Amino acid sequence: MTAQVHVPSLFSRAGTVSALTLVAVGGALVAPGAQPDAHAASSAVAVRAVSVAASKAGAPYHWGAAGPDSFDCSGLAAYAYKKAGTSLPRTTQQQYNGTEHIAASARRKGDLVFFHSGSNAYHVGIYAGDDRIWHAPKTGSTVRLEHIWTKDVWYGRVA
């Protein structure tokens, strides 16, 4: 006998589907009192990192700065993740080397977006959704939300 799970009427008229059907369409079963999985925990940290980066909008760019009042690109990423509860290495290349590399189609809010030349990552931003990143672009600019301007980027997920 297949277990039945009550879900909103999105799946069936009665609102009941088998557990096998739920899993097949990408759903999840969670037992009452179960601990959240690592994916959910890392997603929560990533969303907090986006909020921290957004809170720094307008802070000036300064090479080598890691906050709290000014930032370079990797300093902003490290600062945002530290405030969200996870540490990152300091430089862009170290951050890229320390993340789970993912496809653009798998990116989520809070993933890191790495701009690269050949095999070297030289700039990083925090993915905010809708093809936008929070980043500290360059000398004379400030932390800001901006559209990703090229498809030549790599994506990394912080574990």
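Up top you'll find the structure we're talking about.
Residues numbered from 1 in each chain as written. Predicted model: local features only at pLDDT ≥ 70, side-chain atom pairs only at ≥ 80, totals over all residues. Heavy atoms only, no water.

Novice: Any details on the nonpolar core? Residues and values, ideally.
Specialist: One finds Phe71, Tyr81, Leu88, Leu112, Ile126 and Val143 to be the most contacted residues of the largest nonpolar core, which totals 29 residues. Put simply, the parts of the chain that give this core at least two residues each are helix H2 (38-55), helix H3 (73-84), strand E4 (112-117) and strand E5 (120-129). Here this core gets eight residues from one element, more than from any other, and that element is H3. In contact with Tyr81, other than residues within four places in its own chain, are Val45, Ala46, Ala49, Thr86, Leu88, Gly110, Asp111, Leu112 and Val158. The next biggest cluster of nonpolar side chains, apart from the first, holds eight residues, and it includes Ile102, Tyr127, Ile133 and Tyr155. (Core = buried A, V, L, I, M, F, W, Y, C linked by side-chain atoms within 4.5 Å. Buried < 20%, exposed > 50% of the residue type's maximum accessible area, 1.4 Å probe, protein only. Helix = DSSP H or I, 4+ residues; strand = E, 2+ residues; numbered from the N terminus. Contact = heavy atoms within 4.5 Å.)

Novice: Give me the sheet that holds strand E6 (residues 132-135): which residues, what numbers.
Specialist: The strand order across the open sheet formed by six strands is E3-E8-E4-E5-E6-E7, and the pairing between neighbours is antiparallel. The sheet terminates laterally at strand E3 (100-102) and strand E7 (144-147), the two strands that pair on one side only. The average undirected angle you get between the axes of adjacent strands in this sheet is 40 degrees. By the bridge criterion, six bridges tie E4 to E5 in an arrangement that is antiparallel. Considered in E5, the bridge of Leu112 is made with Ile126. (Pairing = 2+ DSSP bridges. Axes fitted to C-alpha atoms, helices over the stretch in contact; angles between N-to-C directions.)

Novice: Report on the layout of surface pockets, specifying residues and quantitative values.
Specialist: In this model, the largest pocket occupies a volume close to 170 Å³. Around the largest pocket sit Tyr61, Trp63, Asp72, Cys73, Ser74, Arg90, Thr91, Thr92, Gln93, Ala121, Tyr122 and His123, which together line it. Listing elements by their share of the lining of the largest pocket, those giving two or more residues are H3, helix H4 (92-97) and E5. Looking at the lining of the largest pocket residue by residue, the class counts come to five nonpolar, five polar and two charged. (1 Å grid on protein atoms, 1.4 Å probe; cavity = no way out; pocket = protein on both sides within 12 Å on 5 of 7 lines; lining within 4 Å. Points joined across faces, edges and corners; volume = space filled by probe spheres on them. Nonpolar A, V, L, I, M, F, W, Y, C, P; charged D, E, K, R; others polar.)

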